[in-house]
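Commentary on secondary and tertiary structure
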Amino acid sequence: MRPNIVSEAGLQTRVGQWWDNIPFFTSAVVIVCGVIYLVCLLVGYDSFYEICFLPEALVSHLQVYRIYTSIIFHGSLLHVLFNMLALVPLGSELERIMGSIRLLYLIILLATSNAIFHLIIALVVAHNPFHTDQYLMNECAIGFSGILFSMIVIETSLSGVQSRSVFGLFNVPAKWYAFILLVAFQLLMSNVSLLGHLCGILSGFAYTYGLFNFLIPGPSFYSAIESSSWLASCVRRPKFILCSGGNTSAYIPTFSGQTSPSSGLFSGNIWRNLSSWMPQRETAAQSTQDDVRFPGRGRTLGSGQNTVVNSDSNLQARLLDNSSPNNPSDIAAAGAGQRLSNERRSPVNNVVAAGAGGPPLAEMQQVSIASEEQIQKLVSMGFERTQVEVAIAAADGDLNVAVEILMSQQD
(Lines give C-alpha, C1' and ligand atoms only; values in the text may rest on other atoms or scores of the structure.)
Protein backbone atom coordinates (compact mmCIF):
# COMPACT_ATOMS: atom_id res chain seq x y z
CA MET A 1 0.00 0.00 0.00
CA ARG A 2 1.33 3.44 -0.91
CA PRO A 3 2.38 5.48 2.15
CA ASN A 4 0.56 8.66 3.08
CA ILE A 5 2.42 11.43 1.28
CA VAL A 6 0.75 14.17 3.32
CA SER A 7 1.87 12.71 6.65
CA GLU A 8 5.43 12.36 5.33
CA ALA A 9 5.70 16.01 4.26
CA GLY A 10 8.61 17.58 6.07
CA LEU A 11 9.12 21.03 7.50
CA GLN A 12 10.72 22.24 4.27
CA THR A 13 7.62 21.29 2.29
CA ARG A 14 5.27 23.00 4.73
CA VAL A 15 7.38 26.16 4.79
CA GLY A 16 7.52 26.14 0.98
CA GLN A 17 3.74 25.88 0.71
CA TRP A 18 3.28 28.67 3.24
CA TRP A 19 5.77 30.92 1.43
CA ASP A 20 4.24 30.28 -2.00
CA ASN A 21 0.90 31.57 -0.74
CA ILE A 22 2.31 34.99 0.20
CA PRO A 23 1.87 37.68 -2.52
CA PHE A 24 4.83 39.43 -4.10
CA PHE A 25 5.18 42.70 -2.18
CA THR A 26 4.34 41.22 1.23
CA SER A 27 7.02 38.59 0.76
CA ALA A 28 9.45 41.29 -0.43
CA VAL A 29 8.95 43.26 2.80
CA VAL A 30 9.55 40.11 4.84
CA ILE A 31 12.79 39.44 2.93
CA VAL A 32 14.04 43.03 3.20
CA CYS A 33 13.42 43.29 6.95
CA GLY A 34 14.86 39.83 7.58
CA VAL A 35 18.01 40.45 5.51
CA ILE A 36 18.61 43.83 7.14
CA TYR A 37 18.40 42.27 10.60
CA LEU A 38 20.76 39.43 9.65
CA VAL A 39 23.30 41.84 8.15
CA CYS A 40 23.20 44.00 11.29
CA LEU A 41 23.64 40.88 13.39
CA LEU A 42 26.60 39.61 11.36
CA VAL A 43 28.49 42.91 11.21
CA GLY A 44 27.65 43.81 14.81
CA TYR A 45 25.71 46.97 13.97
CA ASP A 46 23.59 48.17 16.89
CA SER A 47 23.70 51.97 16.49
CA PHE A 48 19.95 52.20 16.04
CA TYR A 49 20.06 55.72 17.42
CA GLU A 50 21.35 56.77 13.98
CA ILE A 51 18.45 55.35 11.96
CA CYS A 52 15.46 55.26 14.35
CA PHE A 53 12.62 57.76 14.26
CA LEU A 54 13.78 60.51 16.60
CA PRO A 55 11.59 63.66 16.66
CA GLU A 56 14.43 65.80 18.02
CA ALA A 57 16.76 64.85 15.15
CA LEU A 58 13.99 65.37 12.61
CA VAL A 59 13.28 68.88 13.86
CA SER A 60 16.81 70.10 14.53
CA HIS A 61 18.68 68.38 11.67
CA LEU A 62 15.88 67.66 9.15
CA GLN A 63 16.85 63.99 8.97
CA VAL A 64 13.79 62.96 6.98
CA TYR A 65 15.31 59.60 6.04
CA ARG A 66 14.54 58.41 9.59
CA ILE A 67 10.85 58.23 8.68
CA TYR A 68 11.53 55.29 6.37
CA THR A 69 14.67 53.67 7.79
CA SER A 70 12.97 53.27 11.16
CA ILE A 71 10.29 50.90 9.80
CA ILE A 72 12.69 48.36 8.22
CA PHE A 73 15.14 48.02 11.14
CA HIS A 74 14.38 45.88 14.20
CA GLY A 75 16.11 45.61 17.55
CA SER A 76 15.95 41.86 18.25
CA LEU A 77 15.13 38.51 16.70
CA LEU A 78 11.76 38.31 18.46
CA HIS A 79 10.99 41.86 17.31
CA VAL A 80 11.48 41.14 13.61
CA LEU A 81 9.99 37.63 13.82
CA PHE A 82 6.79 38.73 15.52
CA ASN A 83 6.31 41.73 13.20
CA MET A 84 6.82 39.67 10.04
CA LEU A 85 4.48 36.89 11.21
CA ALA A 86 1.86 39.55 11.83
CA LEU A 87 2.53 41.16 8.44
CA VAL A 88 1.98 37.98 6.41
CA PRO A 89 -1.81 37.58 6.93
CA LEU A 90 -2.53 41.31 7.04
CA GLY A 91 -0.36 42.28 4.08
CA SER A 92 -1.48 39.28 2.02
CA GLU A 93 -5.15 40.12 2.35
CA LEU A 94 -4.69 43.83 1.62
CA GLU A 95 -2.39 43.10 -1.33
CA ARG A 96 -4.95 40.78 -2.92
CA ILE A 97 -7.55 43.53 -2.63
CA MET A 98 -5.41 46.51 -3.63
CA GLY A 99 -2.63 45.08 -5.77
CA SER A 100 1.11 45.04 -5.16
CA ILE A 101 1.97 48.58 -6.30
CA ARG A 102 -1.01 50.11 -4.52
CA LEU A 103 0.01 48.40 -1.27
CA LEU A 104 3.55 49.76 -1.68
CA TYR A 105 2.14 53.27 -2.05
CA LEU A 106 -0.14 52.71 0.95
CA ILE A 107 2.78 51.68 3.19
CA ILE A 108 4.78 54.75 2.15
CA LEU A 109 1.74 56.92 2.86
CA LEU A 110 1.15 55.30 6.26
CA ALA A 111 4.82 55.59 7.23
CA THR A 112 4.75 59.30 6.41
CA SER A 113 1.46 59.98 8.21
CA ASN A 114 2.60 57.98 11.25
CA ALA A 115 5.71 60.12 11.47
CA ILE A 116 3.71 63.34 11.13
CA PHE A 117 1.29 62.34 13.89
CA HIS A 118 4.23 61.21 16.06
CA LEU A 119 6.07 64.49 15.54
CA ILE A 120 3.01 66.66 16.21
CA ILE A 121 2.15 64.89 19.47
CA ALA A 122 5.77 65.01 20.65
CA LEU A 123 5.98 68.75 19.91
CA VAL A 124 2.70 69.45 21.69
CA VAL A 125 3.82 67.54 24.79
CA ALA A 126 7.23 69.25 24.77
CA HIS A 127 6.05 72.82 24.20
CA ASN A 128 2.54 73.10 25.62
CA PRO A 129 1.93 75.98 28.11
CA PHE A 130 0.68 73.69 30.89
CA HIS A 131 3.31 71.00 31.42
CA THR A 132 6.34 70.41 29.22
CA ASP A 133 8.09 67.09 28.83
CA GLN A 134 10.98 66.35 26.44
CA TYR A 135 10.73 62.58 26.80
CA LEU A 136 8.79 62.00 23.58
CA MET A 137 11.12 64.26 21.60
CA ASN A 138 14.05 62.04 22.56
CA GLU A 139 12.27 58.68 22.20
CA CYS A 140 13.92 56.43 19.60
CA ALA A 141 11.39 54.23 17.78
CA ILE A 142 12.13 51.45 15.27
CA GLY A 143 10.16 48.58 13.79
CA PHE A 144 7.30 47.83 11.42
CA SER A 145 4.66 47.60 14.16
CA GLY A 146 3.35 51.13 13.60
CA ILE A 147 2.43 50.20 10.01
CA LEU A 148 0.92 46.94 11.28
CA PHE A 149 -1.45 48.79 13.59
CA SER A 150 -2.58 50.92 10.62
CA MET A 151 -3.16 47.74 8.59
CA ILE A 152 -5.18 46.22 11.43
CA VAL A 153 -7.53 49.22 11.42
CA ILE A 154 -7.89 49.17 7.61
CA GLU A 155 -8.41 45.40 7.36
CA THR A 156 -10.96 45.47 10.20
CA SER A 157 -12.87 48.23 8.44
CA LEU A 158 -12.87 46.37 5.10
CA SER A 159 -13.94 43.06 6.66
CA GLY A 160 -17.19 44.59 7.95
CA VAL A 161 -17.24 42.35 11.04
CA GLN A 162 -18.85 43.58 14.23
CA SER A 163 -16.42 41.91 16.66
CA ARG A 164 -12.90 40.51 16.64
CA SER A 165 -11.16 37.93 18.77
CA VAL A 166 -8.09 38.87 20.81
CA PHE A 167 -5.58 35.98 20.86
CA GLY A 168 -8.54 33.59 20.67
CA LEU A 169 -9.42 34.37 24.28
CA PHE A 170 -12.31 36.84 24.10
CA ASN A 171 -14.18 38.99 21.60
CA VAL A 172 -14.23 42.78 21.51
CA PRO A 173 -16.15 45.27 19.32
CA ALA A 174 -14.37 45.71 16.00
CA LYS A 175 -14.00 49.49 16.42
CA TRP A 176 -12.08 48.98 19.69
CA TYR A 177 -9.99 46.04 18.47
CA ALA A 178 -6.84 48.02 17.64
CA PHE A 179 -6.98 49.94 20.94
CA ILE A 180 -7.35 46.70 22.92
CA LEU A 181 -4.25 45.34 21.18
CA LEU A 182 -2.43 48.59 21.93
CA VAL A 183 -3.13 48.26 25.66
CA ALA A 184 -2.40 44.51 25.67
CA PHE A 185 1.04 44.90 24.09
CA GLN A 186 1.85 47.79 26.39
CA LEU A 187 1.08 45.64 29.42
CA LEU A 188 2.60 42.37 28.21
CA MET A 189 5.82 43.64 26.63
CA SER A 190 8.58 45.94 27.75
CA ASN A 191 10.31 48.68 25.78
CA VAL A 192 7.29 49.18 23.49
CA SER A 193 6.61 52.54 21.86
CA LEU A 194 3.09 53.48 22.93
CA LEU A 195 3.12 56.64 20.82
CA GLY A 196 4.40 54.82 17.72
CA HIS A 197 1.57 52.27 17.88
CA LEU A 198 -1.02 54.93 18.69
CA CYS A 199 0.01 56.98 15.67
CA GLY A 200 -0.37 53.87 13.52
CA ILE A 201 -3.96 53.51 14.73
CA LEU A 202 -4.64 57.19 14.02
CA SER A 203 -3.27 56.85 10.48
CA GLY A 204 -5.41 53.76 9.89
CA PHE A 205 -8.58 55.57 10.93
CA ALA A 206 -7.62 58.63 8.87
CA TYR A 207 -7.31 56.37 5.81
CA THR A 208 -10.59 54.52 6.38
CA TYR A 209 -12.49 57.80 6.89
CA GLY A 210 -11.17 59.17 3.59
CA LEU A 211 -8.92 61.92 4.98
CA PHE A 212 -6.11 60.79 2.66
CA ASN A 213 -8.22 60.60 -0.49
CA PHE A 214 -6.60 63.71 -1.95
CA LEU A 215 -3.22 61.98 -1.66
CA ILE A 216 -4.29 58.76 -3.38
CA PRO A 217 -3.64 58.76 -7.16
CA GLY A 218 -5.97 57.30 -9.75
CA PRO A 219 -5.71 53.91 -11.46
CA SER A 220 -3.71 55.35 -14.36
CA PHE A 221 -0.84 56.12 -11.97
CA TYR A 222 -0.52 52.51 -10.88
CA SER A 223 -1.03 51.22 -14.42
CA ALA A 224 1.81 53.42 -15.68
CA ILE A 225 4.15 52.01 -13.04
CA GLU A 226 3.12 48.42 -13.74
CA SER A 227 3.69 48.88 -17.48
CA SER A 228 7.12 50.45 -17.08
CA SER A 229 10.07 48.47 -18.43
CA TRP A 230 12.10 48.58 -15.21
CA LEU A 231 9.33 46.74 -13.38
CA ALA A 232 8.61 44.18 -16.11
CA SER A 233 10.55 41.39 -14.42
CA CYS A 234 8.54 41.86 -11.21
CA VAL A 235 5.17 42.06 -12.97
CA ARG A 236 5.83 38.76 -14.74
CA ARG A 237 6.33 36.92 -11.47
CA PRO A 238 3.42 34.62 -10.55
CA LYS A 239 2.81 36.20 -7.14
CA PHE A 240 2.65 39.79 -8.42
CA ILE A 241 -0.91 41.16 -8.21
CA LEU A 242 -1.92 43.93 -10.59
CA CYS A 243 -3.88 46.87 -9.23
CA SER A 244 -6.73 45.98 -11.57
CA GLY A 245 -7.15 42.79 -9.58
CA GLY A 246 -5.74 40.56 -12.32
CA ASN A 247 -2.55 38.63 -12.61
CA THR A 248 -0.32 38.20 -15.65
CA SER A 249 0.00 34.47 -15.02
CA ALA A 250 -3.72 33.99 -14.24
CA TYR A 251 -2.73 32.87 -10.75
CA ILE A 252 -3.51 34.78 -7.60
CA PRO A 253 -2.08 33.16 -4.46
CA THR A 254 -4.45 32.30 -1.66
CA PHE A 255 -4.01 32.17 2.10
CA SER A 256 -5.52 29.27 3.99
CA GLY A 257 -6.87 31.44 6.76
CA GLN A 258 -8.48 33.89 4.41
CA THR A 259 -11.94 32.39 4.41
CA SER A 260 -12.44 33.30 8.05
CA PRO A 261 -13.95 36.71 8.73
CA SER A 262 -10.98 37.82 10.81
CA SER A 263 -7.71 36.93 9.13
CA GLY A 264 -5.24 38.98 11.18
CA LEU A 265 -2.58 37.25 13.25
CA PHE A 266 -4.21 38.37 16.49
CA SER A 267 -7.75 37.34 15.48
CA GLY A 268 -8.96 33.96 16.71
CA ASN A 269 -6.71 31.12 17.64
CA ILE A 270 -3.09 31.56 16.61
CA TRP A 271 -3.09 27.89 15.60
CA ARG A 272 -5.35 28.76 12.66
CA ASN A 273 -2.56 30.92 11.24
CA LEU A 274 0.14 28.30 11.84
CA SER A 275 -2.08 25.63 10.26
CA SER A 276 -1.37 27.18 6.85
CA TRP A 277 1.99 25.37 7.05
CA MET A 278 0.22 22.00 7.02
CA PRO A 279 -0.26 20.36 3.60
CA GLN A 280 -3.70 19.18 2.56
CA ARG A 281 -4.65 16.16 0.45
CA GLU A 282 -6.03 17.08 -2.95
CA THR A 283 -8.69 15.18 -4.85
CA ALA A 284 -8.42 14.53 -8.57
CA ALA A 285 -11.03 17.17 -9.35
CA GLN A 286 -9.23 19.76 -7.25
CA SER A 287 -5.82 19.08 -8.77
CA THR A 288 -7.10 19.75 -12.27
CA GLN A 289 -8.38 23.18 -11.23
CA ASP A 290 -5.39 24.49 -9.27
CA ASP A 291 -4.87 27.42 -11.63
CA VAL A 292 -8.46 28.69 -11.45
CA ARG A 293 -8.62 30.94 -8.44
CA PHE A 294 -11.19 33.43 -7.18
CA PRO A 295 -9.29 36.51 -5.92
CA GLY A 296 -9.87 37.39 -2.31
CA ARG A 297 -11.79 34.24 -1.33
CA GLY A 298 -9.27 31.45 -1.86
CA ARG A 299 -11.91 29.08 -3.26
CA THR A 300 -11.03 26.59 -5.99
CA LEU A 301 -13.80 26.57 -8.57
CA GLY A 302 -15.13 23.15 -9.57
CA SER A 303 -15.45 22.13 -13.21
CA GLY A 304 -19.24 22.17 -13.01
CA GLN A 305 -19.34 25.82 -11.85
CA ASN A 306 -17.47 27.55 -14.65
CA THR A 307 -20.56 28.56 -16.63
CA VAL A 308 -22.17 30.12 -13.59
CA VAL A 309 -19.00 32.01 -12.67
CA ASN A 310 -18.61 33.33 -16.20
CA SER A 311 -22.22 34.45 -16.43
CA ASP A 312 -22.03 36.02 -12.98
CA SER A 313 -18.87 37.98 -13.86
CA ASN A 314 -20.52 39.15 -17.11
CA LEU A 315 -23.46 40.45 -15.12
CA GLN A 316 -21.12 42.32 -12.79
CA ALA A 317 -19.22 43.81 -15.73
CA ARG A 318 -22.44 45.04 -17.36
CA LEU A 319 -23.61 46.56 -14.11
CA LEU A 320 -20.39 48.48 -13.48
CA ASP A 321 -20.10 49.63 -17.10
CA ASN A 322 -23.56 51.17 -16.96
CA SER A 323 -23.28 54.59 -15.32
CA SER A 324 -27.06 54.90 -14.85
CA PRO A 325 -28.22 53.69 -11.41
CA ASN A 326 -31.87 53.55 -12.49
CA ASN A 327 -31.88 50.36 -14.54
CA PRO A 328 -34.22 47.90 -12.79
CA SER A 329 -33.77 45.04 -15.23
CA ASP A 330 -29.98 44.96 -14.91
CA ILE A 331 -30.10 45.15 -11.12
CA ALA A 332 -32.69 42.39 -11.00
CA ALA A 333 -30.61 40.25 -13.36
CA ALA A 334 -27.52 40.73 -11.19
CA GLY A 335 -29.38 39.79 -8.03
CA ALA A 336 -30.92 36.74 -9.70
CA GLY A 337 -27.56 35.69 -11.15
CA GLN A 338 -25.96 35.97 -7.73
CA ARG A 339 -28.63 33.72 -6.17
CA LEU A 340 -28.17 31.16 -8.92
CA SER A 341 -24.41 31.18 -8.34
CA ASN A 342 -24.88 30.60 -4.63
CA GLU A 343 -27.25 27.67 -5.33
CA ARG A 344 -24.67 26.13 -7.74
CA ARG A 345 -26.99 26.10 -10.79
CA SER A 346 -25.01 25.65 -13.97
CA PRO A 347 -27.39 26.46 -16.91
CA VAL A 348 -26.89 30.01 -18.13
CA ASN A 349 -30.41 30.11 -19.56
CA ASN A 350 -31.82 30.22 -16.04
CA VAL A 351 -29.93 33.46 -15.38
CA VAL A 352 -31.31 35.05 -18.53
CA ALA A 353 -34.82 33.90 -17.77
CA ALA A 354 -34.61 35.20 -14.22
CA GLY A 355 -33.41 38.57 -15.50
CA ALA A 356 -36.35 38.80 -17.89
CA GLY A 357 -39.04 37.79 -15.45
CA GLY A 358 -37.39 38.53 -12.13
CA PRO A 359 -39.00 39.99 -9.04
CA PRO A 360 -39.78 43.70 -8.73
CA LEU A 361 -36.97 46.14 -8.04
CA ALA A 362 -38.23 46.97 -4.55
CA GLU A 363 -38.03 43.31 -3.52
CA MET A 364 -34.51 42.96 -4.96
CA GLN A 365 -33.35 46.03 -3.07
CA GLN A 366 -34.39 44.48 0.22
CA VAL A 367 -32.07 41.55 -0.47
CA SER A 368 -29.07 43.09 -2.24
CA ILE A 369 -28.70 46.77 -1.45
CA ALA A 370 -26.22 47.43 1.32
CA SER A 371 -26.54 49.77 4.26
CA GLU A 372 -25.40 53.35 4.12
CA GLU A 373 -22.48 52.54 6.45
CA GLN A 374 -21.14 49.90 4.03
CA ILE A 375 -21.48 52.26 1.09
CA GLN A 376 -19.62 55.05 2.91
CA LYS A 377 -16.72 52.71 3.71
CA LEU A 378 -16.07 52.09 0.03
CA VAL A 379 -16.80 55.67 -1.03
CA SER A 380 -14.16 56.84 1.45
CA MET A 381 -11.63 54.68 -0.44
CA GLY A 382 -12.14 56.79 -3.57
CA PHE A 383 -14.78 54.84 -5.51
CA GLU A 384 -17.84 56.50 -7.03
CA ARG A 385 -21.03 56.05 -5.04
CA THR A 386 -23.02 54.75 -8.00
CA GLN A 387 -20.47 52.05 -8.78
CA VAL A 388 -20.20 51.18 -5.07
CA GLU A 389 -23.95 50.61 -4.77
CA VAL A 390 -24.04 48.43 -7.87
CA ALA A 391 -20.92 46.47 -6.87
CA ILE A 392 -22.26 45.73 -3.38
CA ALA A 393 -25.57 44.64 -4.91
CA ALA A 394 -23.73 42.34 -7.31
CA ALA A 395 -21.64 40.95 -4.42
CA ASP A 396 -24.81 40.33 -2.35
CA GLY A 397 -23.58 42.62 0.43
CA ASP A 398 -20.07 41.12 0.77
CA LEU A 399 -17.68 44.10 1.09
CA ASN A 400 -14.55 42.11 0.21
CA VAL A 401 -16.08 40.83 -3.03
CA ALA A 402 -17.43 44.30 -3.79
CA VAL A 403 -13.94 45.81 -3.48
CA GLU A 404 -12.52 43.16 -5.81
CA ILE A 405 -15.26 43.88 -8.35
CA LEU A 406 -14.53 47.62 -8.23
CA MET A 407 -10.80 47.05 -8.58
CA SER A 408 -11.22 44.72 -11.53
CA GLN A 409 -13.36 47.23 -13.44
CA GLN A 410 -10.89 50.12 -13.16
CA ASP A 411 -8.74 50.89 -16.20
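Every chain begins its residue count from 1, and numbering advances along the sequence as written. With the structure being a predicted model, the display of local features is reserved for residues of pLDDT at least 70 and the display and counting of side-chain atom pairs for 80 or more, all residues being used for whole-chain, interface and lining totals. With hydrogens and water set aside, each side-chain value is computed from the structure's full complement of heavy atoms.

1. Details of the overall build of the protein
What counts as a helix is a DSSP run of H or I of at least four residues, what counts as a strand is a run of E of at least two, and both are numbered from the N terminus. Across its full length, the protein carries 20 helices and 2 strands. For each residue, the accessible area found with a 1.4 Å probe, counting protein chains only, is set against the maximum for its type, and the residue is called buried under 20%, exposed over 50%, and partly exposed in between. Expressed as a percentage of the 411 residues in the protein, the buried residues total 45%. Two residues form a contact once any of their heavy atoms are found within 4.5 Å. If you take every contact in the protein between residues at least 6 apart in sequence, the share linking residues at least 24 apart comes to 69%. A total accessible area of about 20700 Å² is found for the protein, and carbon and sulfur atoms account for 61% of it. Accessible areas in this description were obtained via Shrake-Rupley with a 1.4 Å probe; residue shielding takes into account the shown protein chains only.

2. Here we look at a nonpolar patch on the surface
Surface patches are defined over residues having more than 30% relative accessible area and no salt bridge, joining like charges when they lie within 9 Å and nonpolar side chains (Val, Leu, Ile, Met, Phe, Trp, Tyr) when within 5 Å. Any Lys or Arg side-chain nitrogen found within 4 Å of a carboxyl oxygen on Asp or Glu counts as a salt bridge. Residues I31, V35, V39, L42 and V43 make up a contiguous nonpolar surface patch of roughly 500 Å² in combined accessible area. With respect to the element layout, V43 can be found in helix α2 (residues 24-43).

3. Remarks on the confidence of the model for the protein
Per-residue confidence from the predictor is reported as pLDDT, a score between 0 and 100. Per-residue confidence for the protein gives a mean pLDDT of 74, with 67% of residues at or over 70. Note on residues 322-369: pLDDT is under 50 here. Beyond four places in sequence and across chains, it has 53 contacts.

4. So, the UniProt feature "transmembrane region" (unreviewed entry) in the protein
UniProt positions are given in the numbering used here, feature names are shortened, and annotations may be inferred rather than shown by experiment. In the UniProt entry, the feature "transmembrane region" (unreviewed entry) is given for residues 21-45, 65-91, 103-123, 135-154, 166-188 and 194-216. A helix fraction of 100% and a strand fraction of 0% characterise residues 103-123, whose end C-alpha atoms lie 30 Å from each other. Annotated as 50% helix and 0% strand, the span residues 135-154 places its first and last C-alpha atoms 30 Å apart.

5. Let's talk about the side chain of S113
Considering the arrangement of structural elements, one finds S113 in helix α6 (residues 100-127). Looking at S113, the relative accessible area reads 6%, which means it is buried. Residue contacts for S113: discarding those within four places in its chain leaves S203 and F212.

6. Points about the state of the cysteines
Each disulfide is one covalent bond, formed between the sulfur atoms of two cysteines. For this text, the term disulfide refers to a pair of cysteine sulfurs within 2.5 Å. This model, assessed by the stated rule, comprises 1 disulfide. For C52, the disulfide goes to C140, at an S-S distance of 1.7 Å. On the sign convention where negative means left-handed, the S-S torsion of about -125 degrees between C52 and C140 marks this disulfide as left-handed. Separated by 88 residues along the polypeptide, C52 in the loop between α2 and α3 (55-61) and C140 in the loop between α6 and α7 (145-159) bring together distant segments of the chain. Overall, C52 belongs to the buried group, its relative accessible area being 0%. Using a relative accessible area of 32% as the deciding quantity, one classes C140 as partly exposed.

7. A closer look at the packing of aromatic side chains
Planes of paired rings set the category: under 30 degrees apart is stacked, over 60 is edge-to-face and the rest tilted, where pairs are Phe, Tyr or Trp rings (Trp by its six-membered ring) whose centres lie within 6.5 Å. Taken as a whole and judged by the stated rule, the model has 12 aromatic pairs. Centre to centre, the rings of F149 and F185 are 6.2 Å apart; their planes meet at 80 degrees, and the pair counts as edge-to-face. Here F149 is found in helix α7, whereas its partner F185 is found in helix α8 (residues 177-188), with 36 residues between them in sequence. For the pair shown, F149 and F185 are each scored as buried. Members of the aromatic cluster, connected to one another through ring pairs, are F82, F149, F167 and F185. Note on geometry: a ring has a charge over it if NZ (lysine) or CZ (arginine) is within 6 Å of the ring centre and within 35 degrees of the ring normal. Note that R164 overlies the ring of Y177, its terminal NZ or CZ placed 5.2 Å from the centroid.

8. So, the pairing of strand β2 (residues 170-173)
Look at any regular strand and the pattern is simple: side chains alternate between the two faces of the sheet. Two strands form a pair only when DSSP identifies at least two bridges running between them. As defined by bridge partners, strand β1 (residues 163-166) adjoins β2 across 4 bridges and the pair is classed as antiparallel. Among the inter-strand pairings, V166 is bridged to a residue of β2, identified as F170. Counting the residues that bridge the hairpin from β1 to β2 gives 3 residues, and of these F167 lies at a positive phi of roughly 60 degrees.

9. What to know about the environment of L54
By secondary structure assignment, the location of L54 is in the loop between α2 and α3. Distance in space between the C-alpha atoms of L54 and I67 is 8.7 Å, their sequence separation being 13 residues. The contacts of L54, once residues within four sequence positions are left out, are Y49, R66, M137, N138, E139 and C140.

10. Section: helix α19 (residues 385-394)
Among the residues of α19, V388, V390, A391, I392, A393 and A394 are the ones counted as buried. The positive-phi residue at the C-terminal boundary of α19 is D396, with phi of around 60 degrees.

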